[in-house]
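Commentary on secondary and tertiary structure
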There are 2 protein chains.
Amino acid sequence: MAFSFELIKTDPIGARRGKLTTPHGVVETPVFMPVGTQATVKAMTPEELTSIGVKIILSNTYHLYLRPGHEVIRKLGGLHSFMNWNGPILTDSGGFQVYSLAPLRKISEEGVTFASHLDGTRHFLSPEKAMEVQESLGADIIMPLDDCTPYPCERGLAKESMELTIGWELRSKAARKQSNQALFGIVQGGMYADLRKECAGRLVETGFDGYAIGGVSVGEEKPLMYETVESTTPHLPEDKPRYLMGVGTPEDMVFSVEKGIDMFDCVLPTRSARNGTLFTSDGKLVIKNRIYAGDPSPVDASCGCYTCANYSRAYLRHLYMSNEILAARLNTLHNLHYYMTLMRGMRDAIEAGSFEGFKKGFLLRFGKNTEQ
Amino acid sequence: MAFSFELIKTDPIGARRGKLTTPHGVVETPVFMPVGTQATVKAMTPEELTSIGVKIILSNTYHLYLRPGHEVIRKLGGLHSFMNWNGPILTDSGGFQVYSLAPLRKISEEGVTFASHLDGTRHFLSPEKAMEVQESLGADIIMPLDDCTPYPCERGLAKESMELTIGWELRSKAARKQSNQALFGIVQGGMYADLRKECAGRLVETGFDGYAIGGVSVGEEKPLMYETVESTTPHLPEDKPRYLMGVGTPEDMVFSVEKGIDMFDCVLPTRSARNGTLFTSDGKLVIKNRIYAGDPSPVDASCGCYTCANYSRAYLRHLYMSNEILAARLNTLHNLHYYMTLMRGMRDAIEAGSFEGFKKGFLLRFGKNTEQ
């Protein structure tokens, strides 16, 4: 199976219903990809992910390159085999993690040198190296090294950063050796609509298997993020998947699907779970709150997940207060189930041509307790 | 279902094959009870425990009394319902945890005052209070408050401590309000065979539903522990279950089953798992060892657990080095599976009248790598 994307339907207001085909299976879009930074979606087994409808996960090249090393993983048969996940995987290029985690960064035309956040050792990542590492990992979808434009960023610097990224992306495409991995292009350009348009245009001219919007969710206000998405998607081809990197909250995903985004990834559901914040159809619930100490009800009475079927808020609070591993497990399973259910709801609504109504209903309910 | 014990068979060398019947199900003995200190066997779901053959678990009264509080659990329907475990549960009395965890202990005839290890608040635990707390929790088997004799301990003090314990146990029996919970007696007496004999005799005279040997595995040498067990079991009735508290290693259990012990509990398999030490049929394996970095083989090729069926030593080492929650999960599942398999092996051997051969084979293989 080679990589392909089929656009099944577009809702009147712009939301898209599609289907990704990859060497490891088919993925219905819009889709959320749980993050498995270190070759594991934290606290979950692959079977648990599958049981709640997860079809594709993301893993981080930066982390796996540093530990255990991409060569170790290659020799063990690649990332799928290493982590016992037989579904599709997307790996990022490591660019964003170098930007956000690694000290002593030095960026040049050639690539980026940095110190490992684990042991301070010095490393050099070039577009070509990022491709080599990702080919060793063997993910279904791989990403070119990009330069992440900070926010705020003056226009001249944003353009410079964009030019650097475009150059790196062309080199990435040229360096690619394996045709069974889809390579996406990443649109940068800061919060400048004209730069986003220019970047998208030049990448589309080169031709990639899909297009990602990078450099958002880096501290800007929500409206500005939505504007940036809105100013980019019209310049991307209809027949290729669109991936909004590192996004986001349930609201972010609903707004962005409306703008024509097909793919998302974010640590929010898994990280929030470990911090005791649970997503429910009525908004967020902070499980350590004392009011739940004796509460016999489930996190969300309308939720069908294992956690809600078997455990009370009182028990989940107890596990959280006691720093028990089961707290992370049950909370993560619930939050990912929430995300999967939300995406399924959006897919169904788009198919039914009723995405606008779905969005209104979602905002009405989810907004209720978000300040809790 | 009331509580009962049936002795099915005694092996020529003394090992016993039995069956416990409790309000929450039947337990074949000899049995190992995984420890669920804070109303969860660390890193496991109840379904996972069931999947590897766990029939009965232990939970700690001291911890649950302090957090979330026994009244909270009682109002939520008891410990079984609270933690979603519908099999038998044994709760200890809290005595050992007060002895090992709580600062500012003061022991009197009346009971023991102590400070919480969580927040320093002062508490008073009497035999009557320990019964009340355990009745709120609702376990199938409960234990009387005992005074844990330290090691080493001069004979006079060991006798004093024993007398205190016996007095507390008689008060515990008198204070018991619920007949559907089995109450065990705990034999103390330090490492003095005559005291053990006296204590056992006086408890048996009073009559309990089962008998535990307490105050072992408190720092004494292994041979002394085995001697203490050996000097106690002959004074316990054949038709009641015998529980060796807080023991032990695989070797400890094999030696103690030989001496006629039916029940065990210990944090070793679960705690070792979280610390990266794995039990295999060839001995212990320390997963962080660099030699496993690229090792594609399972922890134990002869093991049928989920971990060994799906993951390499290299992956488990990576998870452990990366401090991933999945490391604790996969390692715990494996170690508990090992313990369950060992107990099943002993039960089968006793039934077949071949326990001595089983023991020899076990020691030959398990001893191989224990120094690794």
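Reading the values: rules and limits
Residues numbered from 1 in each chain as written. Chains lettered and ligands numbered in written order. Predicted model: local features only at pLDDT ≥ 70, side-chain atom pairs only at ≥ 80, totals over all residues. Helix = DSSP H or I, 4+ residues; strand = E, 2+ residues; numbered from the N terminus. Rg over C-alpha atoms; globule rule 2.2 N^0.38 Å. Contact = placed C-beta atoms within 7 Å. Pairing = 2+ DSSP bridges. Domains from an automatic or database assignment. Nonpolar A, V, L, I, M, F, W, Y, C, P; charged D, E, K, R; others polar. Axes fitted to C-alpha atoms, helices over the stretch in contact; angles between N-to-C directions. Parallel < 35°, antiparallel > 145°, perpendicular 65-115°, else oblique. Left-handed = near helix turned anticlockwise from the far one by under 90°. Buried ≥ 20, exposed ≤ 12 C-beta atoms within 10 Å, placed from the backbone.

1. With respect to the overall build of chain A
Across its full length, chain A holds 15 helices and 16 strands. In terms of C-alpha radius of gyration, chain A reaches 20 Å, essentially the compact-globule figure of 21 Å for 372 residues. Partitioning the intrachain contacts of chain A with sequence separation of at least 6 by distance along the chain shows that 66% fall at a separation of at least 24.

2. Remarks on the sheet that holds strand E8 (residues 112–115) of chain B
Across a sheet, paired strands are connected by hydrogen bonds in the backbone, their directions being either parallel or antiparallel. Residues and elements named next belong to chain B. With antiparallel pairing, the three strands of this open sheet are ordered in space as E7-E8-E9. For this open sheet the edge positions go to strand E7 (106–107) and strand E9 (122–125), each flanked by a neighbour on one side alone. As paired strands, E8 and E9 are joined by four bridges and run antiparallel to one another. Looking at the pairing, Thr113 lines up with Phe124 of E9.

3. What to know about the domain arrangement of chain A
All names here are of chain A. With domains assigned, chain A is organised as domain 1 (32–266) and domain 2 (273–369). Spacing between the C-alpha centres of domain 1 and domain 2 amounts to 28 Å. Each partner contributes residues to the interface: domain 1 has 15 residues there, and domain 2 has 19 residues. Take the side of domain 1 that touches domain 2: its biggest share by element is six residues, from helix H10 (residues 250–258). Among the residues forming the side of domain 1 that touches domain 2, the class breakdown is 10 nonpolar, one polar and four charged.

4. Side note on the packing of helix H8 (residues 193–206) of chain B against helix H9 (residues 222–232) of chain B
All names here are of chain B. Between H8 and H9, the least distance of the axes is 9 Å, while the angle of their chain directions is 40°. Classified by the interaxial angle, the pair formed by H8 and H9 is oblique. Handedness of the crossing formed by H8 with H9: right-handed. Touching Ala193, Arg196, Lys197 and Ala200 of H8 are Thr228, Ser231 and Thr232, all from H9. Grouping the constituent residues of the contact of H8 with H9 by class yields two nonpolar, three polar and two charged.

5. A short note on helix H6 (residues 127–137) of chain A
Summarising burial for H6(A): nine of the 11 residues are buried, a large majority. Considered for burial, the residues of H6(A) that qualify are A:Pro127, A:Lys129, A:Ala130, A:Met131, A:Val133, A:Gln134, A:Glu135, A:Ser136 and A:Leu137.

6. What about the interface of chain B and chain A?
With 29 residues of chain B in contact, the opposing surface of chain A contributes 30 residues. Contributing elements (two or more residues each) for the side of chain B that touches chain A: helix H3 (70–75), helix H4 (79–83), helix H13 (313–321) and helix H14 (325–351) of chain B. When residues in the side of chain B that touches chain A are grouped by element, the largest group, five residues, is from H13(B). Its residues placed into classes, the side of chain B that touches chain A shows 17 nonpolar, eight polar and four charged.

7. A closer look at helix H10 (residues 250–258) of chain B
Residue and element names in this part refer to chain B. With eight of nine residues buried, H10 is to be regarded as a mostly interior element. Of all the positions in H10, only Pro250, Asp252, Met253, Val254, Phe255, Ser256, Val257 and Glu258 are classed as buried. Phi for Gly260, located one or two positions after H10, is positive at around 100°.

8. A closer look at the environment of A:Val299
Residues and elements named next belong to chain A. In this structure, Val299 sits in the loop between strand E16 (283–286) and helix H12 (306–310). Each C-alpha atom, one on Val299 and one on Thr280, is 7.3 Å from the other, the two residues being 19 residues apart in sequence. If we ignore the near neighbours within four places in the chain, the residues touching Val299 are Leu278, Thr280, Leu285, Thr307, Cys308, Arg313, Leu316 and His334.

9. Considerations on the pairing of strand E2 (residues 16–22) of chain A
Residue and element names in this part refer to chain A. With five of its seven residues buried, E2 lies for the most part within the structure. Alignment of strand E1 (residues 4–10) against E2, held across six bridges, turns out to be antiparallel. Residue pairing in the sheet places Lys9 in a bridge with Arg17 of E2. The turn linking E1 back onto E2 is made up of five residues, and Gly14 within it adopts a positive phi angle of 120°. With five bridges joining them, E2 and strand E3 (residues 25–29) adopt antiparallel strand pairing. Residue pairing for E3: Gly18 is matched across the bridge by Thr29.

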